[in-house]
Amino acid sequence: MRYLRPIPRRLLPDDMLVLPSDGQGGYGDARMVRHVRLELADDVADDPHRDSARSGRVFVDAVNSRDAFEVPAGSRVVVGSLPGMRVLRCRRCCVVRGQVHHWELEVG
């Protein structure tokens, strides 16, 4: 596959506030990334006294997500009106010659 079009902006309805991890247990300055997509996967807890755990995946397009960057694992993100979530993993998805097409953030 030589060319892959950017993720259309109509499929990126969410905005995300990022508190990037500084690698020492703290956070850097907050950054806003506009036009991302959050897909939630609710995992039901075995304990009936606990709420279901929020986890999912955030798609950040290299072209159509404004102010996009590679979010380091350990960062905190807030998408829409949901509570903050931790970035467990950031996967870079590349096309020809290592050019980034989008990032997939596993959050939980």
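Calculation criteria
Residues numbered from 1 in each chain as written. Predicted model: local features only at pLDDT ≥ 70, side-chain atom pairs only at ≥ 80, totals over all residues. Heavy atoms only, no water. Pairing = 2+ DSSP bridges. Helix = DSSP H or I, 4+ residues; strand = E, 2+ residues; numbered from the N terminus. Axes fitted to C-alpha atoms, helices over the stretch in contact; angles between N-to-C directions. Salt bridge = Lys/Arg side-chain N within 4 Å of Asp/Glu carboxyl O. Buried < 20%, exposed > 50% of the residue type's maximum accessible area, 1.4 Å probe, protein only. Contact = heavy atoms within 4.5 Å. Polar contact = N/O pair within 3.5 Å; in protein donor to acceptor, adjacent residues only side chain to side chain.

A separate point is the sheet that holds strand E2 (residues 31-40). Ordered by their spatial adjacency, 6 strands build a closed barrel running E1-E2-E3-E6-E5-E4, and the pairing between neighbours is antiparallel. Neighbour-to-neighbour, the strand axes of the sheet open up by a mean angle of 45°, direction not taken into account. One ladder, built from 4 bridges, connects strand E1 (residues 14-19) with strand E4 (residues 76-79); its direction is antiparallel. Within the sheet, the bridge partner assigned to valine 18 lies in E4 and is valine 77.

All told, the structure shown has 7 salt bridges when counted by the stated rule. Across the salt bridge formed by aspartate 15 and arginine 34, the nearest N and O atoms sit 3.0 Å from each other. Of this pair, aspartate 15 sits in strand E1 while arginine 34 sits in strand E2, placing them 19 residues apart in sequence. Residue classification places arginine 34 among the partly exposed residues on the basis of a relative accessible area of 30%. Between arginine 89 and glutamate 106 there is a salt bridge, and its shortest N-O distance comes to 3.1 Å. Remark: glutamate 106 occurs in strand E6 (residues 100-107) and arginine 89 occurs in strand E5 (residues 85-94); sequence separation between them is 17 residues. Overlapping salt bridges, with partners in common, bring together Arg57, Arg89, Arg91, Glu104 and Glu106 in one network.

Attention now moves to the environment of glutamate 70. In this structure, glutamate 70 sits in the loop between strand E3 (56-61) and E4. Relative accessible area serves as the criterion here: at 35%, glutamate 70 is assigned to the partly exposed category. Apart from the residues within four sequence positions on either side, glutamate 70 is in contact with Cys90, Arg92 and Trp103. Polar contacts involving the side chain of glutamate 70 include one to the side chain of arginine 92, which spans 2.8 Å. Here tryptophan 103 takes part through its side chain, which lies 3.4 Å from a polar atom of the side chain of glutamate 70.

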